[in-house]
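Structural characterization, general
What follows is the residue order along each chain.
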Amino acid sequence: MSLREKNAWIAVGITLVVWSYYFGAFWIEAFAGIVDGAEVLVRFLVCMGISLVVMIGLNVFAGVMSKKNLDAAPDEMERHIEARADRFGFRLLELLVPVGLIGGLLATDTIKAAYPADPGGAVALIFANGVLMAFVITELVRETTHIVAFRISA
């Protein structure tokens, strides 16, 4: 297994665990009508910190254990896989962001009615987390595309 494939596996695993927790907690609270901006911010920062520390640590560990140069330039196959994954990911992102924003715009009145104490803040939090979720889903699909391409070429 190449180092870049290991990196993709690490990214998918950590992203699934950490961001599934984050979005699960957020959307459960949002549907229950109890979104607290300060709590969401703290949870976001903790999840981002955990993701970064664990991914960097595991990627460095994988690089050291494979005894390969972490800065080595990708070969032709790896560049092709990266380009294909980027194309697919960016197309997905181009689809998800507008769909999320349009869906959010259509649901704005419903969101405001569900959060009479702070309708503007609730709309902003839900929109921001919807866009963040689109980015996370896109990255998961992009890294999964890497894994599939590496497995097919193995």
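Because the structure is predicted, anything quoted here is derived from the model rather than measured. (Residues numbered from 1 in each chain as written. Predicted model: local features only at pLDDT ≥ 70, side-chain atom pairs only at ≥ 80, totals over all residues. Heavy atoms only, no water.)

1. Examining the packing of aromatic side chains
Within the structure shown, the criterion is met by seven aromatic pairs. Relative to F23, the ring of W19 has its centre 6.1 Å away and its plane inclined at 40°; by these criteria the two rings are tilted. Placement of both W19 and F23 in helix α1 (residues 3–32) is noted, with a separation of four residues, approximately one turn of the helix. Here the two residues W19 and F23 agree in accessibility, since each one is buried. Judged by centre distance (6.1 Å) and plane angle (35°), the rings of W27 and F31 are tilted. Pair noted here: W27 and F31 are both in helix α1, with a separation of four residues, about one helical turn. The class of F31 is exposed, set by a relative accessible area of 73%. Clustering of aromatic rings is evident, with ring pairs tying together W19, Y22, F23 and F44. (Phe/Tyr/Trp six-rings, centres within 6.5 Å; stacked < 30°, edge-to-face > 60°. Helix = DSSP H or I, 4+ residues; strand = E, 2+ residues; numbered from the N terminus. Buried < 20%, exposed > 50% of the residue type's maximum accessible area, 1.4 Å probe, protein only.)

2. Considerations on the packing of helix α3 (residues 76–114) against helix α4 (residues 119–153)
In a pair of packed helices, the angle between the axes and the distance between the axes together describe the arrangement. Between α3 and α4, the least distance of the axes is 8 Å, while the angle of their chain directions is 160°. On the basis of their axis angle, the class for α3 and α4 is roughly antiparallel. In the crossing of α3 with α4, the sense of the turn from one axis to the other is right-handed. Residue composition of the contact of α3 with α4, grouped by class: 23 nonpolar, seven polar and six charged. (Axes fitted to C-alpha atoms, helices over the stretch in contact; angles between N-to-C directions. Parallel < 35°, antiparallel > 145°, perpendicular 65-115°, else oblique. Left-handed = near helix turned anticlockwise from the far one by under 90°. Nonpolar A, V, L, I, M, F, W, Y, C, P; charged D, E, K, R; others polar.)

3. What to know about the side chain of E29
Looking at where E29 falls in the secondary structure, it is placed in helix α1. What makes E29 buried here is its relative accessible area of 12%. If sequence neighbours within four positions are ignored, E29 has contacts with I34, V35, E39, V40, R43 and Y115. (Contact = heavy atoms within 4.5 Å.)

4. Considering a nonpolar patch on the surface
Residues M48, L52, I56, V60, F61, V64 and M65 make up a contiguous nonpolar surface patch of roughly 670 Å² in combined accessible area. Overall, M65 belongs to the exposed group, its relative accessible area being 54%. (Patch = residues over 30% accessible without salt bridge, like charges linked within 9 Å, V, L, I, M, F, W, Y side chains within 5 Å. Areas by Shrake-Rupley, 256 points an atom, 1.4 Å probe, with all protein chains shown as cover. Salt bridge = Lys/Arg side-chain N within 4 Å of Asp/Glu carboxyl O.)

5. Quick word on the environment of V35
Mapped onto the secondary structure, V35 falls in the loop between α1 and α2 (37–66). Exposure remark for V35: the relative accessible area of 18% places this residue in the buried category. The sequence separation of V35 and L125 amounts to 90 residues, and the corresponding C-alpha distance is 8.2 Å. In this structure, V35 is in contact with F26, E29, A30, V40, Y115 and L125, ignoring residues within four places of it in sequence.

6. Thoughts on the nonpolar core
If you look at the biggest cluster of nonpolar residues, it comprises 22 residues, and the most contacted ones within it are W19, Y22, F26, V35, V40, I111 and Y115. Top contributing element to this core by residue count: α1, with ten residues. Residues in contact with I111, not counting those within four places in the same chain, are A122, V123 and I126. (Core = buried A, V, L, I, M, F, W, Y, C linked by side-chain atoms within 4.5 Å.)

7. Description of the pattern of salt bridges
Taken as a whole, this structure holds nine salt bridges when the rule is applied. Linking E39 and R43 is a salt bridge whose minimum nitrogen-to-oxygen distance equals 3.1 Å. With E39 and R43 both in helix α2, this residue pair falls four residues apart, about one helical turn. Since its relative accessible area comes to 9%, R43 is described here as buried. Between R142 and E139 there is a salt bridge; the shortest N-O distance is 3.0 Å. Within this pair, R142 and its partner E139 are both found in helix α4, separated by three residues, close to a single helical turn. The partly exposed category is assigned to E139, whose relative accessible area is 32%. When salt bridges with common partners are traced through the structure, they connect E82, D86, E139, R142 and E143 into a single cluster.

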